[in-house]
Amino acid sequence: MDQLMQKLSFEMRPNSSLQLFAIFAFATCGGYSGQLRVSVDCMEKASSNLSIGIDFAYPFRLYQVSFEAPMCEGMIRERVFLIGDYSSSAEFFVTIAVFAFLYSLMATIVYIFFKNKYHENNQAPLIDFVVTVVFSFMWLVSSSAWAKALSDVKLATDPDEVQLLIPACKDQTNRCGSVHGSHWSGLNTSVAFGFLNFVLWAGNIWFVFKETGWHKGSSRLAGGGSEKQAGTFNQQPYNQGSFDQTGSHNIQGDLSQPSEYSQVGGPTSYSNQM
Ligand SMILES: *[C@@H]1O[C@H](CO)[C@@H](O)[C@H](O)[C@H]1NC(C)=O
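## Details of the site of the ligand
With respect to spatial proximity, the complete set of residues near the ligand consists of Asn-49, Ser-51, Ile-52, Gly-53 and Arg-77. Asn-49 places a side-chain nitrogen or oxygen 2.3 Å from an oxygen atom of the ligand. Here Gly-53 contributes a backbone N or O atom positioned 3.0 Å from an oxygen atom of the ligand. Against a free-state accessible area of 360 Å², the protein chains account for coverage of 45% of the ligand.

Here it is, written out as structure tokens:
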């Protein structure tokens, strides 16, 4: 059992915690509900309402959010609607987070339990690589869009702004005020998790890239130009070496290396003497 766990954790992709952070991202955004509260203090005290609560929630179609405000004329009340629709950015963000969660869950399962199949041909790692790149980009785009939408939502639900929508408040003789605004920590967290996910997925690109074998494959196919390109990506010298040894001319290269190193070693020993 212990051995199995060791094997699993060894074979798991470095960022199998991706699922957890994706969950945080869509749960903090999709599960949000907030409330602000304003007061309308009419000249005619009887018709005042000093505590009007306004509830709103994901997906922030604020134009559908309404509340009853006193008209300050007798006991008549009227329905007032908030302004704005931020559902597209919010839903885009949550959708990306949900699909990223599902994909990384699936990828981890495939990677752990079907590791041999995964490496059987190059197709699975290739698809994995492309999808990971796309998701990284989508995390960046959706997090940025959601961050912008959130700042607009904050403005549109600011009690000081909402007061301006109440007709009775335009009359100077009535006094309107804000009781409290909504709490934003949950939504601020969701934006932070969005960008954190972008960083994690972008970092994961490297690990998935290693599985594609592109950096090995292109040097094996050995077009002169593509070899140079592959070299810029390749940060695993021992892999390159294992292929280079198959070419006879490269053996010379291998032999020349130790002498280079000994030359490099020379000056150090001189400096040690000084
Ligand atoms: C004030 O408005 C709230 C809705 O936010 C309502 O439930 C309450 O009955 C109102 N109070 C008065 C005195 O009209």
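Text resumes after the structure shown.
## Concerning the packing of helix α5 (residues 123-156) against helix α7 (residues 185-212)
Put simply, α5 and α7 touch, their axes get as near as 8 Å, and they point 165° apart. Between α5 and α7, the angle falls in the class roughly antiparallel. By crossing handedness, the relation of α5 to α7 is classed as left-handed. Here the contact of α5 with α7 is built from residues that sort into 19 nonpolar, ten polar and three charged.

## Thoughts on the state of the cysteines
Under the defined criterion, the tally for this structure stands at two disulfides. The disulfide bridge from Cys-42 ends at Cys-72, spanning 2.0 Å between sulfur atoms. In this structure the cystine formed by Cys-42 and Cys-72 twists about its S-S bond by roughly -70°; its chirality is therefore left-handed. You can see Cys-42 sitting in the loop between β1 (33-41) and β2 (49-57) and its partner Cys-72 sitting in the loop between β3 (66-70) and β4 (77-81), a full 30 residues away along the chain. Sulfur-sulfur distance for the disulfide between Cys-169 and Cys-176 comes to 1.9 Å. Judged by the torsion about the S-S bond (-95°), the Cys-169/Cys-176 disulfide is left-handed. Take Cys-176: its relative accessible area is 23%, and that puts it in the partly exposed class. Numbered in order of appearance, the disulfide-bonded cysteines of the protein chain are paired 1-2, 3-4.

Cut-offs and rules
- Residues numbered from 1 in each chain as written.
- Predicted model: local features only at pLDDT ≥ 70, side-chain atom pairs only at ≥ 80, totals over all residues.
- Heavy atoms only, no water.
- Near = heavy atom within 4 Å.
- Polar contact = N/O pair within 3.5 Å; in protein donor to acceptor, adjacent residues only side chain to side chain.
- Areas by Shrake-Rupley, 256 points an atom, 1.4 Å probe, with all protein chains shown as cover.
- Axes fitted to C-alpha atoms, helices over the stretch in contact; angles between N-to-C directions.
- Helix = DSSP H or I, 4+ residues; strand = E, 2+ residues; numbered from the N terminus.
- Parallel < 35°, antiparallel > 145°, perpendicular 65-115°, else oblique.
- Left-handed = near helix turned anticlockwise from the far one by under 90°.
- Nonpolar A, V, L, I, M, F, W, Y, C, P; charged D, E, K, R; others polar.
- Disulfide = S-S within 2.5 Å.
- Buried < 20%, exposed > 50% of the residue type's maximum accessible area, 1.4 Å probe, protein only.

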